[in-house]
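If you want the building blocks of each chain, they are given just below.
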Amino acid sequence: MAADLSQLVKAYDVRGVVPDQWDESLAELFGAAFVQVTGATAIVTGHDMRPSSPGLSRAFARGAAARGVDVTEIGLCSTDQLYYASGALNLPGAMFTASHNPAKYNGIKMCRAGAAPVGQDTGLAEIRQLVEEWSESGAPEPTATTPGTITRRDTLKDYAAHLRGLVDLTSIRPLKVVVDAGNGMGGHTVPTVFADLPLTVVPMYFELDGTFPNHEANPLDPANIVDLQKRVREEGADLGIAFDGDADRCFVVDEHGDPVSPSAITALVASRELARNGGKGTVIHNLITSWSVPEVVREQGGTPVRTRVGHSFIKAEMARTGAIFGGEHSAHYYFKDFWNADTGMLAALHVLAALGGQEGPLSQLVASYDRYASSGEINSTVADQQDRLAAIKTAYENRDGVTLDELDGLTVTAADWWFNVRPSNTEPLLRLNAEARDEATVAKVRDEVLGIIRA
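Because the structure is predicted, anything quoted here is derived from the model rather than measured.

Asker: Please clarify how the sheet that holds strand β9 (residues 199–204) should be interpreted in this entry.
Answerer: Think of a sheet as strands paired side by side through backbone hydrogen bonds, with each pair either parallel or antiparallel. Taken in spatial order, the five strands line up as β9-β8-β10-β11-β12 in an open sheet, and their pairing is mixed. Strands at the two margins of the open sheet, each flanked by one partner only, are β9 and β12 (259–260). Alignment of strand β8 (residues 175–180) against strand β10 (residues 239–243), held across four bridges, turns out to be parallel. Note that in β10 the partner of valine 177 across the bridge is leucine 239.

Asker: How should the pattern of salt bridges be read in this particular structure?
Answerer: Per the stated rule, a full pass over the model turns up 25 salt bridges. The shortest N-O distance in the salt bridge between arginine 388 and aspartate 387 comes to 2.9 Å. A residue is classified by how much of its surface remains accessible, and aspartate 387, at 39% relative accessible area, is partly exposed. Of the charged contacts, one joins glutamate 406 and lysine 393 as a salt bridge, the two residues approaching to 2.9 Å between their closest N and O atoms. Here lysine 393 lies in helix α13 (residues 385–396) and glutamate 406 lies in the loop between β19 (403–405) and β20 (410–413), a separation of 13 residues in the sequence. Relative accessible area serves as the criterion here: at 30%, lysine 393 is assigned to the partly exposed category. Here the salt bridges do not stand alone but share partners, grouping Arg58, Glu73 and Arg152 into one network.

Asker: Is there a simple way to explain unusual backbone geometry in this structure?
Answerer: In this structure, the amide linkage connecting valine 18 to the following residue, proline 19, adopts the cis form with an omega of 0°. The backbone phi angle of aspartate 196 is positive, close to 65°, even though this residue is not glycine. When you line up the elements, aspartate 196 lands in the loop between α6 (186–193) and β9. Looking at aspartate 196, the relative accessible area reads 77%, which means it is exposed.

Asker: Looking at this model, I keep getting lost on the side chain of arginine 15. Mind explaining?
Answerer: Looking at the secondary structure, you find arginine 15 in strand β1 (residues 14–17). Within the local environment of arginine 15, its side chain forms a polar contact with the side chain of aspartate 13, the two groups lying 2.6 Å apart. Contacts of arginine 15, omitting those with residues within four sequence positions, involve Gln7, Leu8, Lys10, Ala98, Ser99, His100, Asn101, Asn106, Gly107 and Lys109.

Asker: Could you clarify how one ought to interpret the sheet that holds strand β14 (residues 303–307) in this entry?
Answerer: Strands sit in the order β14-β13-β15-β16 across an open sheet of four strands; the sheet is mixed. In this open sheet, the two edge strands, each paired with only one partner strand, are β14 and β16 (333–335). Strand-to-strand twist of the sheet, defined as the mean angle between neighbouring strand axes without regard to direction, takes the value 20°. By the bridge criterion, five bridges tie strand β13 (residues 282–286) to β14 in an arrangement that is parallel. The residue bridging histidine 285 from the neighbouring strand is arginine 306, located in β14. Relative to the sheet, helix α10 (residues 311–321) contacts β13, β14, β15 (325–327) and β16, its axis offset from that of β13 by approximately 165°.

Asker: Explanation requested: the nonpolar core in the structure shown.
Answerer: Soluble globular proteins tend to pack their nonpolar side chains together in the buried interior. Within the largest apolar cluster, 84 residues are counted, with the highest numbers of intra-cluster contacts made by Phe194, Leu239, Phe243, Leu352 and Leu362. Tallying contributions element by element places helix α11 (residues 344–356) first for this core, with 10 residues. Filtering out sequence-adjacent residues up to four positions away, leucine 362 remains in contact with Asp238, Leu239, Val252, Val253, Asp254, Glu255, Val260, Val351 and Leu355. Among the nonpolar cores identified, the runner-up in size contains 32 residues, and Leu8, Phe34, Val35 and Val118 belong to it.

Asker: Can you walk me through the pairing of strand β22 (residues 429–436) in this structure?
Answerer: In terms of burial, β22 is a largely internal element, eight of the eight residues being buried. Both faces of β22 are covered, namely the face carrying Leu429, Arg431, Asn433 and Glu435 and the face carrying Leu430, Leu432, Ala434 and Ala436. One ladder, built from two bridges, connects strand β17 (residues 373–374) with β22; its direction is antiparallel. Looking at β22, one finds that alanine 373 is bridged to alanine 436.

Asker: Mind showing me how you'd approach the environment of valine 293 here?
Answerer: Relative to the helices and strands, valine 293 is located in helix α9 (residues 292–299). Taking relative accessible area as the criterion, valine 293 reaches 0% and is therefore assigned buried. C-alpha separation for the pair valine 293 and arginine 231, spaced 62 residues apart in sequence, amounts to 30 Å.

Asker: Any chance you could explain the packing of helix α5 (residues 156–166) against α11 here in plain terms?
Answerer: Two packed helices can be described by the angle between their axes and the distance between those axes. Across the interface, α5 lies against α11 with an axial gap of 10 Å and an inter-helix angle of 40°. When the axes of α5 and α11 are compared, the pair comes out oblique. The way α5 lies across α11 gives a crossing that is right-handed. Of α11, the residues touching α5 (which contributes Tyr159, Leu163, Arg164 and Leu166) are Met345, Leu346 and Leu349. Residues that form the contact of α5 with α11 fall into these classes: six nonpolar, no polar and one charged.

Asker: Is there a simple way to explain the packing of helix α1 (residues 24–38) against helix α4 (residues 124–137) in this structure?
Answerer: It is at 9 Å that the axes of α1 and α4 come closest, and there the two elements cross at 130°. With respect to each other, α1 and α4 are oriented oblique. Where α1 crosses over α4, the handedness of that crossing is right-handed. On α4, the residues touching Leu26, Leu29, Phe30, Ala32, Ala33, Phe34, Gln36 and Val37 of α1 are Glu126, Ile127, Leu130, Val131, Trp134 and Ser135.

Asker: Quick question: what am I supposed to make of helix α8 (residues 262–276) here?
Answerer: At 3.6 residues per turn, the α-helix brings residues three or four places apart onto the same side. In this model, α8 (15 residues) spans 21 Å end to end at C-alpha, consistent with the 21 Å of a helix rising 1.5 Å per residue. For α8, the capping residue at the N-terminal end is serine 261, with a side-chain oxygen 3.0 Å from the backbone nitrogen of serine 263. Directly beyond the C-terminal end of α8, a positive phi value near 65° is found at glycine 278.

Criteria and cut-off values
Residues numbered from 1 in each chain as written. Predicted model: local features only at pLDDT ≥ 70, side-chain atom pairs only at ≥ 80, totals over all residues. Heavy atoms only, no water. Pairing = 2+ DSSP bridges. Helix = DSSP H or I, 4+ residues; strand = E, 2+ residues; numbered from the N terminus. Salt bridge = Lys/Arg side-chain N within 4 Å of Asp/Glu carboxyl O. Buried < 20%, exposed > 50% of the residue type's maximum accessible area, 1.4 Å probe, protein only. Polar contact = N/O pair within 3.5 Å; in protein donor to acceptor, adjacent residues only side chain to side chain. Contact = heavy atoms within 4.5 Å. Axes fitted to C-alpha atoms, helices over the stretch in contact; angles between N-to-C directions. Core = buried A, V, L, I, M, F, W, Y, C linked by side-chain atoms within 4.5 Å. Parallel < 35°, antiparallel > 145°, perpendicular 65-115°, else oblique. Left-handed = near helix turned anticlockwise from the far one by under 90°. Nonpolar A, V, L, I, M, F, W, Y, C, P; charged D, E, K, R; others polar. Expected span 1.5 Å × (residues − 1).

Right, dumping it as structure tokens:
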């Protein structure tokens, strides 16, 4: 019987419960399908610390090698370390991780040579189709007369050197930083990347453990940074940094333990990247980042470009516009100097360099990049997403001084506030983000929109 991949293959990656939804036999078929669709003669693979990751990764490599393709295994790595290997070696790549999902999940993030993403419109749909066919009929006999080789290669030091070559931290003032790796891959990469820098690192949960014994490796949920906030205050540290499970996203808290908005981090890094490029360049931001981001980009001489939410859209816009940097409110940060791929580690280095290059505390440094009051993302379960979106549109479309656009869900903008409501692709949810010039206005807008959504 053919495998049902409808729940397993998402818009940008493969992700599901092991072994209920997929296992090593399916991983082997994914390896074969990946090399057929990409036309690769050699690929690179890596995996996170989940108990199922080494077996799934090796099965994928077997499926590729059976078709004559040489496989370089870099073993334990963060997702951005796999992107580094794909870029530096100019090979298509596959990373075995389920990012911040619970321990029973695993997945594959795939890319073409140079870390170009493989999503539904760029090869993932064809890969899924082949895997479905082969799981029903049995995979076709390997086409290669000689199977490919599978070799190991350690890229951690090269990855660290590449990042440190992009941000100079050697002359910053000494900083004390608490790092919460959440038992994820930050515990593997941080010691090498931060080695010999003027940093006193206080490590939290650096032990690699795919069962996540301390807290979920999803710092976007405020519950998962409570330990970090407390430790920063106890240590009198200059800042705290939290990485998600596969360490491609980073979250920052200031010296008081207060979270720094990813929009403020986007604006800060954008201003540094623009300064490096003589005040010229395009910066991509998705439509739920703060108004602060395009304002700062324009003030620094750059050109802001607004996109839909989602890394495939950001990466496509970066490639199309030649952008130097891109940021999302989910704390994904994309760099031209990193093959347009996202790397939380490089964003963290920028924050450390900015803080250590001046005397003030982080709260003072980011204040100029955090100019508005925001609601945060509020999810509502609804029976009919389109019906509720239509009701919101009807409520606002004839108001004076208000504009509407439907680039991604519905965005409604006035002189001193805006909100966006967009449907989840995977659940019966509507996601609301609102921003205004002050807390009272954002509360009023939030409550009015939620009243319509939840009517």
